Amino acid sequence: MKRSKHMILLIKIWAILMLIGGGFGLIQVLAEWGLYALGEEGTPGVLSIWNVLTKGVLVAYPIYVLIDLKSILVTLSPEEVVV
């Protein structure tokens, strides 16, 4: 992607929103595990391994993007731009 101030800001906003959403999902999974450990009934679908992996990716990927944002975006010269 082309590096610009607006693009970097939009990607940071997207990553933060995705991190917040994934964090809430991960908290939900941990709360369900806590209820399950206490012997109370919870939602069976929340405790699936697929759901845990999905929430983990929704937390890990935005962190990776925020850390490595400068190397993800490159500056293109006008000759390199393909329309």
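Coordinates for the structure precede this section.
All values reported here derive from a predicted model rather than from experimental measurement.

Calculation criteria
- The residue count restarts for each chain, going from 1 along the sequence in the order it is written.
- Local features in this predicted model are restricted to residues whose pLDDT is 70 or higher, and side-chain atom pairs enter the listing and the counts only when it is 80 or higher, whereas totals over whole chains, interfaces and linings include all residues.
- Note that the side-chain values use all heavy atoms of the structure and ignore hydrogens as well as water.
- Starting at the N terminus, helices and strands are each numbered in turn, a helix being any DSSP run of H or I of at least four residues and a strand any DSSP run of E of at least two.
- For every residue, the accessible area obtained with a 1.4 Å probe (protein chains only) is divided by the maximum for its type, and the residue is called buried under 20%, exposed over 50%, and partly exposed between those limits.
- Residue contacts follow a heavy-atom distance rule, with two residues in contact if any of their heavy atoms lie within 4.5 Å.
- Two aromatic rings from Phe, Tyr or Trp, using only the six-membered ring of Trp, form a pair when their centres are within 6.5 Å; if the ring planes differ by under 30 degrees the pair is stacked, by over 60 it is edge-to-face, and anything between is tilted.
- Charged-residue counts in this description rest on Lys and Arg as positive and Asp and Glu as negative, His and the chain ends being excluded.
- Just to be clear on terms, a salt bridge is a Lys or Arg side-chain nitrogen sitting within 4 Å of an Asp or Glu carboxyl oxygen.
- Patches draw on residues past 30% relative accessible area with no salt bridge. Two like charges within 9 Å are joined, as are two nonpolar side chains (Val, Leu, Ile, Met, Phe, Trp, Tyr) within 5 Å.
- Per-residue accessibility takes into account occlusion by the displayed protein chains alone, with areas from the Shrake-Rupley method and a 1.4 Å probe.
- As a rule, the C-alpha atoms of each element are fitted with a line to give its axis, helices using only the stretch in contact, and angles between N-to-C directions run from 0 to 180 degrees.
- The labels follow the angle: roughly parallel below 35 degrees, roughly antiparallel above 145, roughly perpendicular from 65 to 115, and oblique for the rest.
- By definition, turning the near helix anticlockwise from the far helix through less than a right angle yields a left-handed crossing, and turning it clockwise yields a right-handed one.
- Only Asp, Glu, Lys and Arg are considered charged in this grouping, and only Ala, Val, Leu, Ile, Met, Phe, Trp, Tyr, Cys and Pro are considered nonpolar; every other residue, Gly among them, is considered polar.

**Notes on the overall build of the protein chain**
Alright, step 1. Along the protein chain, the regular secondary structure elements total three helices and zero strands.
Alright, step 2. Reading the helices (α) and strands (β) of the protein chain from amino to carboxyl end gives α-α-α.
Alright, step 3. Here the protein chain holds 83 residues, and the buried ones make up 19% of them.
Alright, step 4. Within the protein chain, residue pairs in contact and separated by at least 24 positions form 69% of the contacts whose partners lie at least 6 positions apart.

**Focus: the packing of aromatic side chains**
Alright, step 1. This model, assessed by the stated rule, comprises two aromatic pairs.
Alright, step 2. Aromatic side chains Tyr 61 and Tyr 64 sit 6.4 Å apart centroid to centroid with 35° between the ring planes, which places their arrangement in the tilted category. Residue Tyr 61 and its partner Tyr 64 are located together in helix 2 (residues 49–67), separated by three residues, close to a single helical turn.
Alright, step 3. Given a relative accessible area of 41%, Tyr 61 falls into the partly exposed group.
Alright, step 4. Overall, Tyr 64 belongs to the partly exposed group, its relative accessible area being 43%.
Alright, step 5. Each residue in the set Trp 14, Tyr 61 and Tyr 64 is aromatic and connected to the rest through ring pairs, giving one cluster.

**Considering the side chain of Lys 55**
Alright, step 1. One can find Lys 55 in helix 2.
Alright, step 2. Of the side chains bearing the opposite charge, Glu 32 lies closest to the buried Lys 55, which forms no salt bridge; the N-O distance is 12 Å.

**Quick notes on the environment of Lys 12**
Alright, step 1. As for its position among the elements, Lys 12 is in helix 1 (residues 5–37).
Alright, step 2. Spatially, the C-alpha atom of Lys 12 lies 8.5 Å from that of Leu 69, the residues being 57 residues apart in sequence.
Alright, step 3. Each residue touching Lys 12, except ones within four places of it in the same chain, is listed here: Leu 66 and Leu 69.

**Topic: a nonpolar patch on the surface**
Alright, step 1. A cluster of nonpolar side chains, contributed by Leu 9, Leu 10, Ile 13, Ile 16, Leu 17, Ile 20, Phe 24, Ile 27 and Leu 66, occupies part of the molecular surface with about 880 Å² of accessible area.
Alright, step 2. It is helix 1 that contributes the most residues to the nonpolar patch, eight residues altogether.
Alright, step 3. Secondary-structure assignment places Leu 9 in helix 1.
Alright, step 4. In this structure Leu 9 comes out as partly exposed when scored by relative accessible area, which is 49%.

**What about the packing of helix 1 against helix 2?**
Alright, step 1. With their axes 8 Å apart at the nearest point, helix 1 and helix 2 run at an angle of 150° to one another. The angle between the axes of helix 1 and helix 2 places the two elements in the roughly antiparallel class. At the point where helix 1 passes helix 2, the crossing takes the left-handed sense.
Alright, step 2. Broken down by class, the residue content of the contact of helix 1 with helix 2 amounts to 17 nonpolar, five polar and two charged.

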